[in-house]
Amino acid sequence: MRCLVRSSFKIRQLFGSRDCSSYVSRMRYLMRLKEDDEACLRALQSGSVLLYHKLAPLLMRTERGMYQLPALQATDVKGILGKLGKDEQLLNSSVLIGCSDDNVPQFSLDVGSLEQAAVEELCGGVFIDLRKAFFLLKGPEAPLVSKGQALLRWHQTHGFCSTTGQPTQRNQAGSQRVCLANGATYYPQMAPVVIVLVSDGRRCLLARQSGFPRGMYSALAGFCDIGETVEETLRREVAEEVGLEVESLLYSGSQHWPFPQSSFMVACHATVSPDNGEINLDGAELEDAQWFGLDEIEEALQRKTPLRNPKGESSVFWVPPSYAIANKLIQEWANQQKKS
Ligand SMILES: NC(=O)c1ccc[n+]([C@@H]2O[C@H](COP(=O)([O-])OP(=O)(O)OC[C@H]3O[C@@H](n4cnc5c(N)ncnc54)[C@H](O)[C@@H]3O)[C@@H](O)[C@H]2O)c1
Ligand SMILES: [Mg+2]
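For clarity, every value in this text was computed on a predicted model and none was experimentally measured. (Residues numbered from 1 in each chain as written. Chains lettered and ligands numbered in written order. Predicted model: local features only at pLDDT ≥ 70, side-chain atom pairs only at ≥ 80, totals over all residues. Heavy atoms only, no water.)

Quick notes on the sheet that holds strand β9 (residues 177-179)
Spatially, β8-β9-β10 is the arrangement adopted by the three strands of the open sheet, whose pairing is antiparallel. At either end of the open sheet lies a strand with only one pairing partner, and these are β8 (168-170) and β10 (185-186). As defined by bridge partners, β8 adjoins β9 across three bridges and the pair is classed as antiparallel. Paired with Q169 across the bridge in β9 is V178. (Pairing = 2+ DSSP bridges. Helix = DSSP H or I, 4+ residues; strand = E, 2+ residues; numbered from the N terminus.)

Structure follows, in structure tokens:
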């Protein structure tokens, strides 16, 4: 199996236009905040805070009917806590998630212990389940909100050491937890997943699980087994799910995917021989898998929202929306086909 990586091209494309010195200073600043609890606590006082209620992020509706993240500062959050008669110390349980381009440290905080409606009223926003919120936000706000939720979720589910059973204690940034009994350090985790768009040179292969929304087909995906390389997972998943033997692969990009929990999606293109393209479906995981030609794919890519039949279900073929890395793979394949 051949493995091709468009490395130098990719690196220039991703980072070429950035102001390198300010990027480096921002990353060094974040690094320091992860290591220095007091510096992180000070940074929090002048930082921006994304609020969540039981892991649902707070969004604001704009005058044009769109949604965005409210620009809350730490002082705003203290004001809200004060008005609700709650201890300002709750702010200190915020976790560090990044630093904006204009050097403002960004945190996320779950206020699930407060009354949801009261917080919404004071903020002029609404807490929306991430599955919906993710698709309502534009640009870098969607990955930021999913990162904030992923880190909060990890803390909520890793309060105890799996060896001693004793409580673990977080650092101020929330980048790690330590067991006070045996000193074991735990770091936030993502589960690696390979997502692959298989092509036979003329058509691409998309599949659907029974739980997908009606009519939606996506690229094949699968979790990496422990000890596997990306290449091995890709080859195994394609063999398991559709019974095909991959001949070559090409890395495309990656994405943090928050559903159902944090996955690290590694996206690739792969080819199979057109002479051995007969699909042999694993019915336990997939409901259907089909080869699609360029015309069908282009039509599906142009469908912004799926068409609905009178029962409210989509009856046509459509593909995941632009935020999903599956969409990027399908788009790349279509562009490549049009060139050749
Ligand atoms: N962002 C995108 O464009 C996109 C597109 C398709 C799928 N996905 C995501 O890819 C992920 C994996 O796809 P899949 O469901 O086909 O995987 P899969 O083919 O590996 O099948 C899932 C099964 O794998 C097992 N499994 C092994 N390790 C696991 C782990 N760490 N967490 C959960 N289950 C594990 C479970 O038995 C589970 O039922 C899904 O979470 C899905 O949301 C993302
Ligand atoms: Mg799968």
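Quick look at the site of ligand 1
The local shell around ligand 1 holds 19 residues, among which A221, F223, E241, E285 and A326 are the closest. Contact distances for ligand 1 include 3.1 Å between an oxygen atom and a side-chain N or O atom of Q209. In this structure, an oxygen atom belonging to ligand 1 sits 2.8 Å away from a side-chain N or O atom of E285. For ligand 1, the accessible surface in isolation is 850 Å², of which the surrounding protein chains cover 61%. Those elements that provide at least two residues to the shell around ligand 1 are β11 (191-199), β13 (220-223), α8 (230-242), β14 (248-257) and α10 (325-339). Along the lines of polarity and charge, the residues of the shell around ligand 1 split into twelve nonpolar, four polar and three charged. (Near = heavy atom within 4 Å. Polar contact = N/O pair within 3.5 Å; in protein donor to acceptor, adjacent residues only side chain to side chain. Areas by Shrake-Rupley, 256 points an atom, 1.4 Å probe, with all protein chains shown as cover. Nonpolar A, V, L, I, M, F, W, Y, C, P; charged D, E, K, R; others polar.)

Here we look at the coordination of the magnesium ion (ligand 2)
Six octahedrally arranged donors around a metal ideally form angles of 90 or 180 degrees; four tetrahedrally arranged donors ideally form angles of 109.5 degrees. Distances from the magnesium ion (ligand 2) to its protein donors, A221 (O), E241 (OE) and E285 (OE), fall within 2.1 to 2.2 Å. Ordering the donors of the magnesium ion (ligand 2) by residue number gives the pattern A-x19-E-x43-E. In this pair, E241 sits in helix α8 while E285 sits in the loop between β15 (263-271) and β16 (288-292), placing the two residues 44 residues apart along the sequence. Look at E285 and you get partly exposed, because its relative accessible area is 32%. (Donors = N, O, S within 2.8 Å, 3.2 Å for Na, K, Ca; no water. Buried < 20%, exposed > 50% of the residue type's maximum accessible area, 1.4 Å probe, protein only.)

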